[in-house]
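A closer look at the structure
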Amino acid sequence: MLLEVKGLTKRFGGLVAVNQVGFSVEEGKITALIGPNGAGKTTLFNCISGFYQPNEGEVLLNNSNIIGQPAHKILQKGLARTFQLVRNFEGMTILENIMTAAHVHSGQNFLNSLLFLPSVKKSEKELKEKANDILKFLNLAHVADKYPNEISYGQKRLVEIGKVLATDAKLLLMDEPAAGLNDSETRTLVDTMREIQKTGKSILIVEHNMKFIMELVQKIVVLDFGQKIAEGTPEEIRNNEKVIKAYLGGGKVNA
Amino acid sequence: MDVYGQLLIAGISTGSIYGLIALAFLIIYNSTQIVNFAQGEMVMVGAMMTFFGLSFHSFSYLSTFFIVIGSMIVIAFIFQHVLVKPLQKQGASMFSIIIGTIALGIVLSEGMGLWLGKQQYGVPPIIPNNPISLGNITILPQNLLIIIISWSLVISIWYFFNRTMTGLSLRAVSISTEGAQVSGIKISRMLAIGFTLSAVVSGIGGLLIAPVVGASPYLGLSIAVKGFAAAILGGMGNIYAGMIGGIIIGISESFFSFYIPSYAEAITFTIMLFMLVVKPTGLFPEHS
Amino acid sequence: MRKLKIFSLILVLSFGLLLVGCNSSSTQGSSGADDPIKVGYIGALSGGSSTMGVPGKNGIQLAVDEINADGGINGRQIELIAADDKADPATSATQAQKLINEDEVVAILGGPNSGTVKANSEVIAQYGVPELITIAMNDTLIDPNSATFPTTFRMTEDNSYDIRALAEFLIGEGHQNIGVIADNTAYGQSGTESIKKILEEKGLNVEIAVDHPVGAKDLTAQTLKLREANVDAVYVFSLGPEGALFMKTLKQIDWKVPVVGGRGLNMKAFVDLAGDAADGMILPTVINPNKPEAKEFIEKYDEKYNDDPTHVYSSLGYDSMYLLAAALKKSDGEGGDALIEALESLKDIPTVTGGMDHTASFTDDKHNAVNENYIIFNQVKNGAFEFYTDEVESGWE
């Protein structure tokens, strides 16, 4: 199992935001985390990616517990995330945005970058090539030298995804990647995600857009009031009583 | 001899020092939003260590340079690990951290005074005071050195922030800490680099200014005030604009002192105030 | 809560460091015949003026140690209680209150800064405690029309005394049009006013006076302005670092104008910063190294402290303490009116400062101790102060 979450609990004062949640993400699959607003999805995400310290539980990445480790360490172990809101680096070109994320694996540091060593030049050339490949993969090659405020919102979201791709992480956590996108942009995103899956990456995704989820994912975990109420294939979830009830107690989970 | 040329060169020389301080100040401000009120005291430590190396121990200029750089690395470490990090860990507000920098500045001044004495010390120039002629104007070698080194530093730092990945990563931290975290950037190491860079630039400023105004534990404030003014005039969001701000202040001080003596300081700060009101982003806001 | 703790820790730490400078031991007790006689000193022991304040204190301490080793004041020891005023008038006034009320000193020695001495002398006068100023030179400190006059005495002379001597020197050299440079503080500006007044009384012409802020990093504009006015000589009233900057700028623009300086330039930082650029400058000092008493003092002082290369400030502290001790012997350790009376009757007390046979005296209307044979000129040579002459026409009237 690539990622296993066991008995994870996060409390804020008296409020239990995530309560004894456990689930797993299989290698090569796209897994979704869904639930009504305030169900604790983002909190759970933050606990997994090292932004919050959970009160109880374990997060096993390739069977090693990553709780308590700083974000950059978790990233080195192969887990990267995007945010609900776009966090591009304004003032840096799109290419530089991607290069900065790819930089985590190049061996240079402060001193030899100041001393202008030839090895730095070489590794920066490689970085640039890699970043350009990623931009090509995302169909963003034509905006490489633009600044974030000069591209569309959909493109900005793709840049965010480009950054996690650049880190070479095996498991990508994406927090509502389709939020704010129009239909055609969403379709592009679905295609892109499938392409990413084909390259052997695994994805855990939080999303409200059910159509997007049902089309894309192989497994769904449902949270309600901080607790897991269901886990299964899209088909199983679609017909799960508890899930239907949680979503305003009526009808089918709409597709 | 040309009065204008002479005033101009004097203004560029003092302005370069102001710009250097602004540069050091803006490196910290732009990577952490911390307004470092101890910046002047960092310059002071550089000047006092120059005195310590050259006059106290009669070391060579090169050894003194390394003493200054070494002490600035220590100061940067203290700044990050004794002041900023513990306060941030406790969730202290930016206000507390800024007040903390004031306290740090006082501690540095008084500590330096207790160690090396609270006097004004003279420091010999790097090159003897024999004026160099540039056409029909003259300049002291020390002032020429100030101009050359300040501008070389600004250019190196521009290169670092725009042409090296470590520099880009540091900028990334300043633009979005969370974004940088998810890009795998080690925030605390990046900040260490930023603080060190800022402290080292301040230290070199101290090294350059000591032979001009001497070294004393209390020289920090007067120099920091001009550095802040240069930063505000140039634009707080643009690291290099401080240098332009500094040159403008230096030249205006020089000419006003000649034509409207006694009012030079007042006019300089009036320009700064005016700038704050009319164009708070400064003359050269950041490109974005 | 914890963040508050850390924060207060930093504050406490920094204030703690600030306070280390203020030596403020206070041993309360009734004064008996065997108790030490307490003498206070208020001066800048930290901050920029400590260059003067600390040697002043050390000079006093050296005198106290010698007097005590020699049997003290009619058998009683002297205890010096030094307070730091950081060159701040308000602090200075508070320190005066404390020295008088808590430490119960019989007399106070005043420090180097005229502003602080003015502030504390007003407090001290209210208690009828005598104050003997060691270094500060402002013309208004010893003013017969002032309410502080009855209790305030001074070891040295005022600025006007130095200026008169320099005016005589400038006249002797045949200079007529003089330029003045000074800082823009009260010290610099009141000095400029006195220079203008006295030089013009002596028939000289102050063509131009320029100023600069303390800590100036460049004086090109001021120097060019003086040159443009075409003066015969320049009177530098600035303190050390800016004085040195001015001399370097003179050299830079290759203007060979004769320069005289104020007493405040007597600091090592001045010659260290100016290097050979200050060569030829004439400036008044109070100590002649060829005078045997002065030579002996310099040797003793350097062996113990070695922090006052020109010995101007330490020697003034030293002489002040001996002057006070002479009066205390007369009053038998009593303070108040008895001590004031004793001070006013001091006559021809030898001093290490001043010309060859200089002696100090007070009377009931003369509260400056020195006579016309006091001032000495130094000249800067090869980047160091050298004795120039003690044949100084003081212009005394």
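Residues numbered from 1 in each chain as written. Chains lettered and ligands numbered in written order. Predicted model: local features only at pLDDT ≥ 70, side-chain atom pairs only at ≥ 80, totals over all residues. Heavy atoms only, no water.

For chain C, an unreviewed UniProt entry supplies the name Branched-chain amino acid transport system substrate-binding protein and the organism Salirhabdus euzebyi. According to UniProt, the comment filed for chain C under the heading Sequence similarities (unreviewed entry) is "Belongs to the leucine-binding protein family." (UniProt positions renumbered as here; feature names shortened; annotations may be inferred.)

Per an unreviewed UniProt entry, chain A is named Branched-chain amino acid transport system ATP-binding protein, and its organism is Salirhabdus euzebyi.

Structural notes on the domain arrangement of chain A
Residues and elements named next belong to chain A. On domain assignment, one finds that chain A holds domain 1 (1–78 + 169–255) and domain 2 (92–168). Taking both sides of the interface into account, the surface hidden between domain 1 and domain 2 amounts to around 1200 Å²; carbon and sulfur atoms contribute 72%. Summed over the three residues of domain 1 that lose the most area to domain 2, namely Leu 75, Ala 169 and Thr 192, the buried surface amounts to 27% of that side. Where domain 1 packs against domain 2, one counts zero salt bridges. In this assembly, domain 1 and domain 2 are joined by three residue pairs in polar contact (both at pLDDT 80 or more). The greatest single-element share of the side of domain 1 that touches domain 2, amounting to five residues, is contributed by helix α7 (residues 183–198). Split into classes, the residues belonging to the side of domain 1 that touches domain 2 amount to nine nonpolar, three polar and six charged. (Domains from an automatic or database assignment. Buried area = accessible area lost by both parts, 1.4 Å probe. Salt bridge = Lys/Arg side-chain N within 4 Å of Asp/Glu carboxyl O. Polar contact = N/O pair within 3.5 Å; in protein donor to acceptor, adjacent residues only side chain to side chain. Helix = DSSP H or I, 4+ residues; strand = E, 2+ residues; numbered from the N terminus. Nonpolar A, V, L, I, M, F, W, Y, C, P; charged D, E, K, R; others polar.)

Quick notes on the pairing of strand β4 (residues 56–61) of chain A
All names here are of chain A. Sheet topology note: the strand β1 (residues 3–12)/β4 ladder contains five bridges and is antiparallel. Counterpart to Lys 6 in the pairing with β4 is Glu 58. Summarising the sheet, β4 and strand β5 (residues 64–65) pair through two bridges and their orientation is antiparallel. By the bridge assignment, Leu 60 is partnered in β5 with Asn 65. The turn linking β4 back onto β5 is made up of two residues, and Asn 62 within it adopts a positive phi angle of 50°. (Pairing = 2+ DSSP bridges.)

Let's talk about the packing of helix α5 (residues 141–163) of chain B against helix α8 (residues 187–213) of chain B
When two helices pack together, their arrangement is given by the angle between their axes and by how far apart the axes lie. Residue and element names in this part refer to chain B. For the pair α5 and α8, the least separation of the axes is 10 Å and the interaxial angle reads 170°. The angle between the axes of α5 and α8 places the two elements in the roughly antiparallel class. Touching Gln 142, Asn 143, Leu 145, Ile 146, Ile 149, Ser 150, Leu 153, Ile 157, Phe 160 and Phe 161 of α5 are Ile 193, Leu 197, Val 201, Ile 204, Leu 208, Pro 211 and Val 212, all from α8. Residue composition of the contact of α5 with α8, grouped by class: 14 nonpolar, three polar and no charged. (Axes fitted to C-alpha atoms, helices over the stretch in contact; angles between N-to-C directions. Parallel < 35°, antiparallel > 145°, perpendicular 65-115°, else oblique. Contact = heavy atoms within 4.5 Å.)

A word on the sheet that holds β1 of chain A
Residue and element names in this part refer to chain A. With respect to topology, four strands assemble into an open sheet ordered β2-β1-β4-β5, the strand pairing being antiparallel. The open sheet terminates on both sides in strands that have one partner only, identified here as β2 (15–25) and β5. On the sheet, helix α1 (residues 41–48) packs against β1, β2 and β4 and is oriented at approximately 115° with respect to β1.

Things to note about the interface of chain B and chain A
Across the boundary between the two partners, chain B contributes 27 residues, which contact 31 residues of chain A. Taken as a group, Met 165, Val 182 and Ser 183 of chain B account for 25% of the area that chain B buries against chain A, more than any other trio of residues on that side. Along the contact surface separating chain B from chain A lie zero salt bridges. Inspection of the region where chain B meets chain A yields one residue pair in polar contact (both at pLDDT 80 or more). Looking at the side of chain B that touches chain A, the elements with two or more residues in it are α5, α6 (165–175), α7 (177–182) and α8 of chain B. When residues in the side of chain B that touches chain A are grouped by element, the largest group, seven residues, is from α6 of chain B. For the side of chain B that touches chain A, the residue count by class is eleven nonpolar, eleven polar and five charged.

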